[in-house]
Structure formats: structure tokens, C-alpha cells
Amino acid sequence: MMKEMTSPNCIMIIILRSTALREIYKLFGRMDVDKDGMVTFEEFTNVWNQLFVGDSMEIIINDMFKRFDKKGKGFIDPIAWTTTLDPPLMRRLAGYCKKQGSFAQAVLTTDEEKLVKSMQSRLRRLVALAADLNVRLMIDAEHTYFQPAIDNLVLSMQREFNKNTDCVYQTIQCYLKDARTRNQLFMDQARIENWQYAVKIVRGAYMHQERDRAKKRGEEDPIHSTIEDTHKCYEEIMEDVISRENVQEGREKVNLVVATHNQSSVECTIRLLEEYGLERMESGVTKEWILC
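All values reported here derive from a predicted model rather than from experimental measurement.

(A) Highlighting the packing of aromatic side chains. Enumeration over the complete set of coordinates arrives at nine aromatic pairs. Ring geometry for W48 against F52: centres 4.4 Å apart, planes inclined by 40 degrees, an arrangement best described as tilted. Classification of W48 by relative accessible area gives buried; the value is 1%. By relative accessible area, F52 is classed as buried at 3%. Feature note: the residues F28, F41, F44, W48, F52, F65, F68, W81 and Y96 constitute an aromatic cluster, connected by ring pairs. Over the ring of Y234 we find R203, and its NZ or CZ is 4.2 Å from the ring centre.

(B) Representation of the pairing of strand β5 (residues 199–202). The two faces of β5 match: V199 and I201 on one face and K200 and V202 on the other face are all buried. Pairing between strand β4 (residues 168–173) and β5: four bridges, direction parallel. When the bridges of β5 are listed, Q173 appears paired with V202. Of the crossover connections in this fold, the one passing from β4 over helix α10 (residues 179–193) to the parallel β5 is right-handed. Two elements, β5 and strand β6 (residues 256–258), share three bridges in a ladder whose sense is parallel. What sits directly across from I201, in β6, is V258.

(C) Structural view of the side chain of K200. Tracing the backbone shows K200 in strand β5. Judged by relative accessible area, K200 falls into the buried class, the value being 13%. A distance of 2.6 Å separates the side chain of K200 from the side chain of D140, its partner in a polar contact. With residues near it in sequence (within four places) discarded, K200 still touches M138, D140, Y169, Q170, T171, I172, V257 and A259.

(D) Representation of the nonpolar core. In this structure, F44, W48, I76 and W81 are the most contacted members of the largest nonpolar core, which totals 52 residues. Elements represented by at least two residues in this core include exactly α2 (8–31), α3 (41–51), α4 (57–68), α5 (78–84), α6 (87–95), α7 (102–105), α8 (110–133) and α9 (147–161). Ranked by residues supplied to this core, first place goes to α2 with nine residues. If we ignore the near neighbours within four places in the chain, the residues touching I76 are F28, G37, M38, V39, F44, F65, F68, D69 and W81. L155, A179, C233 and L272 belong to the second largest nonpolar core, which has 28 residues in total.

(E) Geometry of the packing of α9 against α10. Interaxial distance between α9 and α10 falls to 11 Å at its minimum, and their mutual angle equals 25 degrees. It follows from the interaxial angle that α9 and α10 lie roughly parallel. Here the hand of the crossing between α9 and α10 comes out right-handed. Contacts between α9 and α10 involve Q147, D151, L155 and R159 from the first element and R182, F186, Q189 and E193 from the second. Considering only residue class, the contact of α9 with α10 consists of two nonpolar, two polar and four charged.

Each value, and the rule that gives it
Residues numbered from 1 in each chain as written. Predicted model: local features only at pLDDT ≥ 70, side-chain atom pairs only at ≥ 80, totals over all residues. Heavy atoms only, no water. Phe/Tyr/Trp six-rings, centres within 6.5 Å; stacked < 30°, edge-to-face > 60°. Buried < 20%, exposed > 50% of the residue type's maximum accessible area, 1.4 Å probe, protein only. Lys NZ or Arg CZ within 6 Å of the ring centre and 35° of its normal. Helix = DSSP H or I, 4+ residues; strand = E, 2+ residues; numbered from the N terminus. Pairing = 2+ DSSP bridges. Right-handed = clockwise from strand over helix to strand, strands pointing away. Polar contact = N/O pair within 3.5 Å; in protein donor to acceptor, adjacent residues only side chain to side chain. Contact = heavy atoms within 4.5 Å. Core = buried A, V, L, I, M, F, W, Y, C linked by side-chain atoms within 4.5 Å. Axes fitted to C-alpha atoms, helices over the stretch in contact; angles between N-to-C directions. Parallel < 35°, antiparallel > 145°, perpendicular 65-115°, else oblique. Left-handed = near helix turned anticlockwise from the far one by under 90°. Nonpolar A, V, L, I, M, F, W, Y, C, P; charged D, E, K, R; others polar.

Now the structure itself:
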């Protein structure tokens, strides 16, 4: 099973799915005109009319907005957007595009979609086995160009298996500039959907490859400029996880793996646990050399 999960076809479909997810995030960014993290009906309508065409546009726009705004709040948040815009709906949206640009080109074919579902099914069997054995499964992070698909897979497993326990762990690479924002989004998703967030934090392992790739593509360097910025991000995310509402109110443990041999990080962990009144042995915080 593990061999199947690392086959060339599996890696390729992860890259394709990541490309599609990046286009989904970019579209949300365009819809969010005032950059407040929410898309109102007015914003949705205005951008839709700029990008899409079709008959009975008013009916389509209302139907689409309701698909994303299932609770009738009058706006779409990033969680609802990424959860709702699955491959079939993305394919439908692409059919309305005025121009067949990067969004339409990133749509998975039906065969590729089947491969995504097959990969998710294999991963689910691994997670179900871990749950049956009452052990934790930690899913590592990878290069940024296919991390979105990994995040998406992990979140789908956490949503199903972390309802009452910390079975599945996400991994956050703190050398990335967007690490803290992504971690906060995942924590918000867990809180809103009522499942236990669990995460391993690392600094990162692909700095030179990430920077070389960004330079060749003319993109912004995704890595923090200095090691001090990475250390700062690591400790900020650590505090965000330890101090989150569900932990402070006793509804769940911290569910944090501090994957480091850095003495100052270990000392910071101990200090934060003491500051927030959490006993070290009962907090759900582990270091990478401890299994519990």
C-alpha cells in the first residue's frame, strides 16, 4: 500500500490536484475584492460577471452563491470556498469561463479525478488502520508546488477521524512565509467543523530547492528571509496552537508535536505550557524523540 502511495502516477496526480487547488485559492482572492477574508454576494456577483458567461446569469449566480453560503450568512469564507469547490464543481465553473485561462486549464479530467479518489481511498485505509490500532498517523509536508493537495487530503482525514481524538496530524513547515496563516486557517476549520486539530511543526527541509524554483519561475521566494524569522514563526505557531480556545476551555488537548532538537524551542514549549497553565505530561505536547 505504501508503495502505491509513492508511485510516479500518485505523485503526478498530487501535483495536478495542487495546481487546481492553487487556482481555487486564487479565484477566492479575486472574489475577495476588499481583502477582508470574506466574499459578499455583491463581490461575488461583480467578479462573476467579469470572468464568466452563460444564459440565465442571475439564476446561476444565486445558485452558485447558495452552494458556497450553505448557512445563509450572506458571505463566503475561505473554508466554505475550498470545501465546496470540488473537482466536479470546478469543471462546471470552467465551462462558464470567458477565457480558457489558468483556472480552466487546471481542471482535472474525469480520469484524473478517479485517480484522486483512488489515492484518497488508499490513504483512508491507512488512517482507518491507525485508528483501529489506537495510534497516531503523522503526514509529512513536501514541496510547496504539491503541498496543497497534501493539505487537502490531510484535512479530509482529520475531518473524519479526529472527531474525538488526535488520530491524524498535519505538518506545518515554519520556514514558509505563509505558514502561520495556513495553520490559523486549519485551526479555524477544525473549530467550525467541530473536530480536533492536531499538528506537527517543523522548520523545513527544501529551502534551496524552493528558492531556486521560485527564482526560475519569477515568483516570490516562499521562504522567510532569515533564520531568525523562521525561529519567530515557529514559536508564534507553537503559541497559537497551545493558546487556542478549545484547549484553554478544556475541550481538547494541545495535540502538538514539537519536531526539533533546538534547545530554545524546547525551552519555549515548556515556558508556554506553564504560561497557559497546562501540565506537561497531560497537555498532549510531544517532542520528536518521544512517542506517546
